[in-house]
4 protein chains.
Amino acid sequence: MNKSKSITTNQIDKPQSNCGIVGIYGHPQASVMAYYMLHSLQHRGQEAAGITTFFKDNNKWKYASHRKDGLVLNVFEDQKIFTEKLIGNMAIGHNRYAIIGNSTDANIQPFNMCYGNGNISLSHNGCLYNPKSLQKELESKGAIFTSTSDSELFLHLIAHSKKKTQVEQILEALTIAKGAYSLAILTEEGLVAARDPNGIRPLSLGKLVFKDENNKEQIAYVVASETCAFDMIGAKEIRSIKHNELIVIDDETLNTGEVKSYNILPKTPIAHHCIFEYIYFARPDSRVFGHNVDKARRKIGKNLAAEHPAHPTKDGKKVTVISIPDSGNTSAIGYARTNHELNEIDTVFEIGLIRSHYVGRTFIQPGQDNREFKVKSKFNTVKGVIEDRNIVIVDDSIVRGTTSKSLIKLIRNANPAKLQMRIASPPVVSPCYYGMDFPTKEELIANHFNTEEEIGKELGLDGLHYLSLNKLLESVPRDEGIDYCTACFTDSY
Amino acid sequence: MNKSKSITTNQIDKPQSNCGIVGIYGHPQASVMAYYMLHSLQHRGQEAAGITTFFKDNNKWKYASHRKDGLVLNVFEDQKIFTEKLIGNMAIGHNRYAIIGNSTDANIQPFNMCYGNGNISLSHNGCLYNPKSLQKELESKGAIFTSTSDSELFLHLIAHSKKKTQVEQILEALTIAKGAYSLAILTEEGLVAARDPNGIRPLSLGKLVFKDENNKEQIAYVVASETCAFDMIGAKEIRSIKHNELIVIDDETLNTGEVKSYNILPKTPIAHHCIFEYIYFARPDSRVFGHNVDKARRKIGKNLAAEHPAHPTKDGKKVTVISIPDSGNTSAIGYARTNHELNEIDTVFEIGLIRSHYVGRTFIQPGQDNREFKVKSKFNTVKGVIEDRNIVIVDDSIVRGTTSKSLIKLIRNANPAKLQMRIASPPVVSPCYYGMDFPTKEELIANHFNTEEEIGKELGLDGLHYLSLNKLLESVPRDEGIDYCTACFTDSY
Amino acid sequence: MNKSKSITTNQIDKPQSNCGIVGIYGHPQASVMAYYMLHSLQHRGQEAAGITTFFKDNNKWKYASHRKDGLVLNVFEDQKIFTEKLIGNMAIGHNRYAIIGNSTDANIQPFNMCYGNGNISLSHNGCLYNPKSLQKELESKGAIFTSTSDSELFLHLIAHSKKKTQVEQILEALTIAKGAYSLAILTEEGLVAARDPNGIRPLSLGKLVFKDENNKEQIAYVVASETCAFDMIGAKEIRSIKHNELIVIDDETLNTGEVKSYNILPKTPIAHHCIFEYIYFARPDSRVFGHNVDKARRKIGKNLAAEHPAHPTKDGKKVTVISIPDSGNTSAIGYARTNHELNEIDTVFEIGLIRSHYVGRTFIQPGQDNREFKVKSKFNTVKGVIEDRNIVIVDDSIVRGTTSKSLIKLIRNANPAKLQMRIASPPVVSPCYYGMDFPTKEELIANHFNTEEEIGKELGLDGLHYLSLNKLLESVPRDEGIDYCTACFTDSY
Amino acid sequence: MNKSKSITTNQIDKPQSNCGIVGIYGHPQASVMAYYMLHSLQHRGQEAAGITTFFKDNNKWKYASHRKDGLVLNVFEDQKIFTEKLIGNMAIGHNRYAIIGNSTDANIQPFNMCYGNGNISLSHNGCLYNPKSLQKELESKGAIFTSTSDSELFLHLIAHSKKKTQVEQILEALTIAKGAYSLAILTEEGLVAARDPNGIRPLSLGKLVFKDENNKEQIAYVVASETCAFDMIGAKEIRSIKHNELIVIDDETLNTGEVKSYNILPKTPIAHHCIFEYIYFARPDSRVFGHNVDKARRKIGKNLAAEHPAHPTKDGKKVTVISIPDSGNTSAIGYARTNHELNEIDTVFEIGLIRSHYVGRTFIQPGQDNREFKVKSKFNTVKGVIEDRNIVIVDDSIVRGTTSKSLIKLIRNANPAKLQMRIASPPVVSPCYYGMDFPTKEELIANHFNTEEEIGKELGLDGLHYLSLNKLLESVPRDEGIDYCTACFTDSY
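The rules we used
Residues numbered from 1 in each chain as written. Chains lettered and ligands numbered in written order. Predicted model: local features only at pLDDT ≥ 70, side-chain atom pairs only at ≥ 80, totals over all residues. Heavy atoms only, no water. Helix = DSSP H or I, 4+ residues; strand = E, 2+ residues; numbered from the N terminus. Rg over C-alpha atoms; globule rule 2.2 N^0.38 Å. Buried < 20%, exposed > 50% of the residue type's maximum accessible area, 1.4 Å probe, protein only. Contact = heavy atoms within 4.5 Å. Areas by Shrake-Rupley, 256 points an atom, 1.4 Å probe, with all protein chains shown as cover. Pairing = 2+ DSSP bridges. Right-handed = clockwise from strand over helix to strand, strands pointing away. Disulfide = S-S within 2.5 Å. Least-squares fit on C-alpha atoms with pLDDT ≥ 70 in both. Buried area = accessible area lost by both parts, 1.4 Å probe. Salt bridge = Lys/Arg side-chain N within 4 Å of Asp/Glu carboxyl O. Polar contact = N/O pair within 3.5 Å; in protein donor to acceptor, adjacent residues only side chain to side chain. Nonpolar A, V, L, I, M, F, W, Y, C, P; charged D, E, K, R; others polar. Axes fitted to C-alpha atoms, helices over the stretch in contact; angles between N-to-C directions. Core = buried A, V, L, I, M, F, W, Y, C linked by side-chain atoms within 4.5 Å. Patch = residues over 30% accessible without salt bridge, like charges linked within 9 Å, V, L, I, M, F, W, Y side chains within 5 Å. Lys, Arg positive; Asp, Glu negative; His and termini not counted. Charge placed at Lys NZ, Arg CZ, Asp CG, Glu CD. Phe/Tyr/Trp six-rings, centres within 6.5 Å; stacked < 30°, edge-to-face > 60°. pLDDT = per-residue confidence, 0-100. Parallel < 35°, antiparallel > 145°, perpendicular 65-115°, else oblique. Left-handed = near helix turned anticlockwise from the far one by under 90°.

K.L.:
Got a minute to help me understand the overall build of chain A in this structure?
P.N.:
Along the backbone of chain A there are 18 helices and 24 strands. Since a compact globule built from 493 residues should have a radius of gyration of about 23 Å, the 24 Å found for chain A is in line with a globular shape. Its C-alpha atoms give chain A principal-axis dimensions of about 80 × 50 × 45 Å. Looking at chain A as a whole, 63% of its 493 residues qualify as buried. Restricting to contacts in chain A with at least 6 residues of sequence separation, those with at least 24 account for 72%. Only carbon and sulfur atoms are counted for the fraction: they give 47% of the accessible area of chain A, which is about 18100 Å².

Okay, structure coming up:
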């Protein structure tokens, strides 16, 4: 354990990273459904997980909560947690992504509170712009902070609101908290879900038809960061929650099928969806922002081939495209096909890297090159595919470049005749201020070199090309009133 | 797991139980010392344990905290917790006692907060009288409650104080929080310790002489619920912290040897020490409230014999005194000796019950008498001591009477000629409102019968006598300005 | 836990399943190298793992062994196992595959013994034909059996040999033990490795160049079921160990580079390599039997397309090939390309199923369809790829058909226009008697239907074709003296 | 972990230590009963535990076994082990005591085997004299040894016997295996129990009356090292199994109430019971060898006072006797009373040391005095009892003297006026060759000094006396044909 890692920093000074959030209303086993949904969003956060339910006890609202370090399957491995603790027909859940320097049990969500107006529990994906000044202001009013997460600010803002209902209090709080947030909130008035006015993080609404104990069909409503969570429990997506929208699901919704919808700001601005969800973060079998991730990713692959074709070697070796599994798979297939068909260059897609399914903490010998070893314990090359071939690797992005370098070294060991790379996004030049866990500018490899050629050389490649920002924007879905946040590629926010 | 047990009750509606608290200032391995002290206070709380340290990082105060369910040895079994996480030269710790219906991770102390005036961490033993009204008032000011423990109220009271320094804020908070509290608090100004104006729970001050890395003698200051915690690390008791006293230990203290002392209320009332600390709760090798526990317990035994002698049987069998180990041991020896010497009745003390050292969760067969089995897995009789003998059992107290009944049945199986019991305290007729975990009035066996004889019959005894309240009060130390809380015997608070 | 599963059957009555074995000689950290190799062979057995080392203590040979249930990373998670326990410069290891009804700690390999001629430790992949008669014969000589694994027979055969050296004893034992075996054996004379006369299971020999503490290059020799184990530690394959061959690696080998080689039977029969290693079992990045697995698998895909092309739908929807990840990937790519190029049918390969990386034991609700749920928690469909498309699924094989059925149901939910399947091997009609864990004949779906069409209908498909045995045999490498065991497809052994 | 500790020594070169064994026949929950009995014998071995049951499956005998490192409660914490695995109406169990240098999973008993005549499972307490020569002889016949425990020899001897029945084979084996053994053996013919011809280790026979599912009274038969195991399950002792006796309990026994009894050697020699069972090993609430342990221990205390009285100090301080809990308790009470009554010296018994109930592995700081710390974490002094008093400590024995030294130092810190010690046994001068885990002669403190005075001085005492061998022998029960093994005090075997 690294010393700085285990220390609790007691000021909110790091953006919260990407996470997965879910919510469900109207199901007798709400916590079990939340658990399944969280499990399918595991890729959005592996550090910790939690579920909170609300239920009535003697006509008074109570909550039950279970939160712990680890993967969803481990956090909830005792099935009694569901039957004896997490009772109630509404639940929210959260998968937490690890951030160096910010790891404390007190940060595991959902955050639960009892305050003047009852109980509230909150799951947040995103991060706020102005956490320090907000915290300072709230502290001046007597607020105490027990976590180091900016998500705790929402609770205090709600508790300090003078509005009457919990939903009104939340709406008021959201006009104060500037930044990126997708939220699932349990209140005594129902399940609340919201996306910030810029709509940076995704959140979808769905419904689940199930049979109750009398074998009568019932409907429960669900929200989740990605629709693969709905697939897991057999729910259907209704729509994406809109940016600047707050919805409320309550017993009325169950009766009428109508979800209450509110605007957070009176005037809805242009949305700025995080384009990285399409590039890397979301699962390809998900829909986010109302669109198929896979479709965008294939189009990215095609545009990458159109913009940066790969050619046979001088001695006529045809192009062999391999991907870095699994994030590069779809773009790689799109790239290979377009290079073959559109560019009319003899091209095949092959599986050149095998990814191990048994990755975990491995014992590392003292003196060993740690990163290289980790890459080796995760990937191995298919020699017959690579040896003496004209290889083009397709990957989603390059951030620090350190893992890429180790991977390229590994592939080099399989003796390709030529080794190039194509990246399904532009160079990353700026950290993300809206919730993705990017390193500082200094750590980004693109800030250390002037040209693709130089970066390629540094990484040990015979050629490297990034997709241009224009072509990237051409590849992703365009709805009216929707733009993309591309600040990590442009450094302009 | 019982359903009601695992549910988080989100209103503060149960008195907090007895716990153990420790603090240390001025030791380079403060967290390790706190750990040793908590280990020796394990008898005061077995549900959970935690330690928080303060340290400076880049000239800013930070805290590190580790809190978990389980025994001290288990909670801190990874030694890296001390070397990599719990750094700093001041630390506080807490052992938590299990309370039905109140078990949630969010309740494990120390409670840490960051607020307008910096960081504070708090360990509390005791409970407040007016938690609900205090909570309501604080909530009306925007306070949010994340635990169900009344101890959280201290944090909010401190954060809402307009005073300048942290120590002043704590002092102000303590004038508002009525009830029983012994506190160890880490502040950015030093280690604070306090006992409520009635001085219900104990807290002692000590010092530890140790050698630093240059082999130079240094002094650290320590506080703990009982002095057995000092013995564990080789510290010496200086004195008991006084009721209505708040002390501050800081770098100045290290230099001058002077501990700053403040009155909480301007006028110090008569103290009301919890008499149960002498009867049962504290370890006999400890000093609490400035006195040896063992000495009081022996005197109790003597007074018990003087008040309720045991006699030979009609056929002349001499008296054999046995104790319920370990809490009855000292009184039993005192009883036997006095009965022999003062009462001039032939009496011997014998070990009639063996207590197993390997107690834990045992697998219980369905249909088995659970309580009886638990008693059996914890105790066994020494047949040769009991069979055909005139047995007098000495125990510290009877609360519900259920465990006593099972134990008496077990002893009956060893065929004593006669089987009586003497109790080293009066009948318990009222729950404790100051922090001891007593059941409701309805559950107390003494409230179901009119006479000692009836209770004795119910328990399966040939005779039962309790020590009278007067004799109990005669047995415990009397200092000026010190009285005892005996509400559980009198029902008058 | 299933009752039959947890019972120790104390007769050897089930074939031992496929497993992974490794060995190393001449490395100061032999056990660490064995651990890395076992980790990369994790796919061959997930139930249990073990490593044994030999070392000299006071000039006497001793062994150290660590064996436990679980994945390699879990079994060896305490790094002290390597530094304090598994010392010595030679080691063998074993990954165990779970077999219902045969699960007992006593079966975890390596098996270690001390006998008249010293110490021996043995790792076995395969199974014997005649375990019961062999056991009976050995028992009549006083042998006692402490496991229920046929691998224990080797130990007794060795111990009952009257030959002088350990290697001679092993050679004699192997002429008696008929069946399938690849073995890695630690002896006091060196590391022994062998493959049975029919060469059913694979085993490769490699060498590892490393620098010793004086930075001088040294060579260690390694053996492993598949070469991906060599890749993991940077070792190079020398060659496959031949069928009917026993090799010895000792200090002389380290000096001269010469590996001693012996024939087990005087006359080497035709080999019968297990063809399923190429179809499914081995990792595609491995070499087994001296050949690339990936190459065979691609050729299988091509032959499958040549034999069973897929056509556009009547309304002209082109063919979309998807694979069941990961075992069907390579064949699916080969199939798609050949269908496009050779068959001149418009065909694309797409990723239609996403496999979760976070699979583990999931909490299943009572009443839930277990198998369906497991499939769902492991796979999800990419709707955009499947919806309204002309889908051809490629998978390696169908055994029981139960998982296939659930998967096909899952894919059907994504609404393909047409849904066919191609299987990269013939119908499985017979259990394996040489070590693969196949169910009984009754459980094999192919034994319940007469035609591909009927099976396809049962599975919910619009079309199903298996690769013919001839075409399969055309696809795999052909060396002189090498044939294949295809008994599971032909029922003739 | 110490290097030598974790290495598997693969020659039987250390005597097996003291352990606890149990057996039961005729109970539908035999394994649960065995578990409870093992739990109450936990003091006889804390390293590992195991239970084996026999049951019929399809008319064939099978066994099920569960064995693991750790305390009984931990080894069997999953209750499914009993209901799904350890089925059958006969069971045996074993508690293993840790021996340095001999710790390997393969040594955890019961040892189970399948051999020519069926299945056998064996639990052994004791050790053999001639393990090496026996092993050599058996190895020459092809036997293989998989553990490093001499107990494995029994299995091989049984398997090599040419006798017809399992009981006959066991009887024959026992005439060959010389040494100390109490055995509980499961056979297909019934439960076998035996004590060696010298009867060194204890073993008792009991019966348990219970109600079956039809509420009809049934009888099961039990054996255990000590009768406290019977108390735990409500069984009654019938008698001690005799030395040189082998008994068989089978279905006939259930019907007739008759236990079959055989002599091992034709002529029964004089028994030599291990006298240390009375001094230290057995629980005081147990009967061993047919007698109450407690009674012997009290008599020892009395004789100790008669032989070595304690006197007031010159300034008239009366004698205060304290014991080292818990093993010294009974003798200390006997000592105090006799010193007071018989010697007519003013003497009181007090509790001067408190033993912690929460002992486990404690984190030790580097540089700390390990032993001293361990003593401190286990014991604390009652200052009021010791300070300025004339203290006599009573302990059962001194072996190495190292722990005594630390304890005496601890007591010295409480400032007694005078500090003497009385030991309830003679000086230990020789290791035990019959199963007790004693150190070598060089490590025994008594071999380094000539007089009690010198030893006392070394330990930091103002006086030390041991009980003489004669007086010890006077204190223990004397039956006809029974003598005691006192070799550890006399060095003559």
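K.L.:
So what exactly am I meant to see when it comes to the pairing of strand E22 (residues 418-423) of chain A here?
P.N.:
Every regular strand shows the same layout, with side chains that alternate between the two sheet faces. All names here are of chain A. E22 sits mainly inside the fold: 5 of its 6 residues count as buried. As paired elements, strand E21 (residues 390-395) and E22 share 6 bridges and run parallel to each other. The partner of Ile-393 across the bridge, within E22, is Met-421. For the handedness criterion, the β-α-β arrangement of E21, helix H15 (residues 402-412) and E22 is classed as right-handed. Pairing of E22 with strand E23 (residues 464-466), which is carried by 3 bridges, proceeds in the parallel orientation. Pairing of Ile-423 across the sheet is with Tyr-466, part of E23.

K.L.:
Would you explain the state of the cysteines in this entry?
P.N.:
Think of a disulfide as a covalent bridge from one cysteine sulfur atom to another cysteine sulfur atom. Applying the stated criterion across every chain, the model contains 0 disulfides over all chains. In this structure Cys-114 of chain A is a free cysteine whose sulfur lies 19 Å from that of Cys-127 of chain B, the closest cysteine sulfur available. Not engaged in a disulfide, the cysteine Cys-432 of chain C finds its nearest cysteine sulfur in Cys-274 of chain C; these two sulfurs lie 6.1 Å apart.

K.L.:
What's the story with the relation of the copies chain A and chain C in this structure? I'm lost.
P.N.:
One copy of the chain maps onto the second through a rotation about an axis and a displacement along it. In the superposition of chain A on chain C (RMSD 0.1 Å, axial shift 0.1 Å), the rotation amounts to 180°. Such a combination of turn and shift is consistent with a two-fold rotation axis. Relative to the rotation axis, the closest C-alpha in chain A is found at His-357 of chain A, a distance of 3.3 Å. Take the interface residues of chain A: 98% of them recur as interface residues in chain C, which is what a same-surface contact looks like.

K.L.:
Explain the interface of chain A and chain C here, please?
P.N.:
It is common to give the size of an interface as the accessible area that goes away when the parts come together. Every contact between the two is made by 56 residues of chain A and, on the other side, 56 residues of chain C. Carbon and sulfur atoms supply 56% of the area buried between chain A and chain C, which totals about 4900 Å² over both sides. Taken together, chain A and chain C are joined by 6 salt bridges. A salt bridge links Glu-350 of chain C to Arg-337 of chain A; the nearest nitrogen and oxygen atoms lie 3.0 Å apart. Inspection of the region where chain A meets chain C yields 12 residue pairs in polar contact (both at pLDDT 80 or more).

K.L.:
Looking at this model, I keep getting lost on the interface of chain D and chain B. Mind explaining?
P.N.:
Every contact between the two is made by 56 residues of chain D and, on the other side, 56 residues of chain B. Between chain D and chain B, a total of about 4900 Å² is buried, with carbon and sulfur atoms accounting for 56% of that surface. Taken together, the connections running from chain D to chain B amount to 6 salt bridges. Our enumeration of links across chain D and chain B arrives at 12 residue pairs in polar contact (both at pLDDT 80 or more). A class-by-class count of the residues in the side of chain D that touches chain B yields 23 nonpolar, 20 polar and 13 charged.

K.L.:
How should I be thinking about the sheet that holds strand E13 (residues 260-263) of chain A in this particular structure?
P.N.:
Strand pairing in a sheet takes place through backbone hydrogen bonds and is either antiparallel or parallel in direction. Residues and elements named next belong to chain A. One open sheet accounts for 6 strands, arranged E5-E6-E7-E8-E12-E13; its pairing is antiparallel. The open sheet terminates on both sides in strands that have one partner only, identified here as strand E5 (111-115) and E13. With strand direction ignored, the average angle separating the axes of adjacent strands in the sheet is 20°.

K.L.:
Would you mind going over the sheet that holds strand E7 (residues 179-187) of chain C with me for this structure?
P.N.:
Residue and element names in this part refer to chain C. Strand order in the open sheet formed by 6 strands is E5-E6-E7-E8-E12-E13, with antiparallel pairing between adjacent strands. What marks the edges here is a single partner per strand, and that holds for strand E5 (111-115) and strand E13 (260-263). Neighbouring strand axes in the sheet, compared pairwise and without regard to direction, differ in orientation by 20° on average. Relative to strand E12 (residues 245-249), strand E8 (residues 190-195) runs antiparallel, the two sharing 4 bridges. Among the inter-strand pairings, Ala-193 is bridged to a residue of E12, identified as Ile-247.

K.L.:
Would you take a moment to explain the nonpolar core for this structure?
P.N.:
The nonpolar side chains of soluble globular proteins are, as a tendency, buried together. Val-321, Phe-349 and Ile-393 of chain A together with Val-321, Phe-349 and Ile-393 of chain C are the most contacted members of the largest nonpolar core, which totals 127 residues. Apart from the residues within four sequence positions on either side, Phe-349 of chain C is in contact with Ile-333, Arg-337 and Phe-349 of chain A together with Val-321, Ser-323, Ala-332, Ile-333 and Ala-336 of chain C.

K.L.:
Quick question: what am I supposed to make of the relation of the copies chain D and chain B here?
P.N.:
The two copies are related by a screw operation: chain D maps onto chain B through 180° of rotation and 0.1 Å of translation along the axis, at an RMSD of 0.1 Å. A share of 98% of interface residues in chain D that are also interface residues in chain B marks the association as one of identical surfaces.

K.L.:
Looking at this structure, I do not really get the environment of Ala-271 of chain B. What am I missing?
P.N.:
All names here are of chain B. Relative to the assigned elements, Ala-271 resides in strand E14 (residues 271-274). Overall, Ala-271 belongs to the buried group, its relative accessible area being 0%. A C-alpha to C-alpha distance of 26 Å links Ala-271 and Ile-24, two positions 247 residues apart in sequence.

K.L.:
So what exactly am I meant to see when it comes to the pattern of salt bridges here?
P.N.:
Pairs can form between side chains of opposite charge once their charged atoms are near each other. Under the counting rule described, the total for this entry stands at 98 salt bridges over all chains. Linking Asp-231 of chain C and Lys-383 of chain A is a salt bridge whose minimum nitrogen-to-oxygen distance equals 2.4 Å. Of the two residues, Asp-231 of chain C is situated in helix H8 (residues 228-233) and Lys-383 of chain A in helix H14 (residues 383-386); the pairing between them involves two chains. The closest approach of N and O atoms between Glu-350 of chain D and Arg-298 of chain B, which form a salt bridge, is 3.4 Å. Residue Glu-350 of chain D is located in the loop between strand E18 (347-349) and strand E19 (353-355), and its partner Arg-298 of chain B is located in helix H11 (residues 293-307); the two belong to separate chains.

K.L.:
How should I be thinking about a negative patch on the surface in this particular structure?
P.N.:
A cluster of like negative charges, contributed by Asp-69 and Asp-105 of chain A together with Asp-69 and Asp-105 of chain B, occupies part of the molecular surface. Take Asp-105 of chain A: it is sitting in the loop between strand E4 (90-96) and E5.

K.L.:
Help me understand the packing of aromatic side chains in this model?
P.N.:
In this description, an aromatic ring pair is defined by two values, namely the gap between the centres and the angle between the planes. All names here are of chain A. Inspection of the entire model under this criterion finds 43 aromatic pairs over all chains. An angle of 25° between the planes, with centres 5.7 Å apart, marks the rings of Phe-76 and Phe-82 as stacked. Comparing Phe-76 with Phe-82 shows no difference in burial state: the two are buried.

K.L.:
Is there a simple way to explain the side chain of His-124 of chain C in this structure?
P.N.:
Of note, His-124 of chain C is situated in strand E6 (residues 118-128). Of note is the side chain of His-124 of chain C, whose polar atom sits 3.2 Å from the backbone oxygen of Ala-180 of chain C.

K.L.:
Got a minute to help me understand the confidence of the model for chain A in this structure?
P.N.:
Do not read the predicted coordinates in detail wherever pLDDT is low. Residue and element names in this part refer to chain A. Mean pLDDT over chain A works out to 91, with 91% of the residues at or above the 70 mark. In this model residues 1-16 is a low-confidence stretch, pLDDT under 50, and it forms 59 contacts with partners more than four residues away in sequence or in other chains. Across the interface, the model reports ipTM at 0.89; the global pTM reads 0.90.

K.L.:
Mind showing me how you'd approach the arrangement of the chains here?
P.N.:
Spatially, chain B is disjoint from chain C: no contact exists, and the shortest C-alpha separation is 13 Å. The two units chain A and chain D are non-contacting; their minimal C-alpha-C-alpha distance is 13 Å.

K.L.:
Please clarify how the packing of helix H11 (residues 293-307) of chain C against helix H12 (residues 329-341) of chain C should be interpreted in this entry.
P.N.:
Packed helix pairs are characterised by how far apart their axes lie and by the angle those axes make with each other. All names here are of chain C. Where H11 meets H12, the axes come as close as 7 Å, and the angle between the chain directions of the two elements is 40°. Judged by the angle between their axes, H11 and H12 are oblique. Between H11 and H12 lies a crossing whose hand is right-handed. Counted together, Asp-294, Arg-297, Arg-298, Gly-301, Lys-302, Leu-304, Ala-305 and Ala-306 of H11 and Thr-330, Ser-331, Gly-334, Tyr-335, Thr-338 and Asn-339 of H12 form the full contact between these two elements. Residue composition of the contact of H11 with H12, grouped by class: 4 nonpolar, 6 polar and 4 charged.

K.L.:
It is not clear to me how the side chain of Ser-397 of chain A should be interpreted in this structure. Could you clarify?
P.N.:
All names here are of chain A. Positionally, Ser-397 belongs in the loop between E21 and H15. A distance of 2.7 Å separates polar atoms of two side chains, one belonging to Ser-397 and the other to Asp-396. When near neighbours in sequence (up to four residues on either side) are disregarded, Ser-397 contacts Phe-276, Ile-423 and Ser-425.

K.L.:
Where do I start with a positive patch on the surface in this structure?
P.N.:
A surface patch of positive charge is lined by Lys-295, Lys-299 and Lys-302 of chain A together with Lys-318 of chain C. Tracing the backbone shows Lys-318 of chain C in the loop between H11 and strand E17 (319-323).

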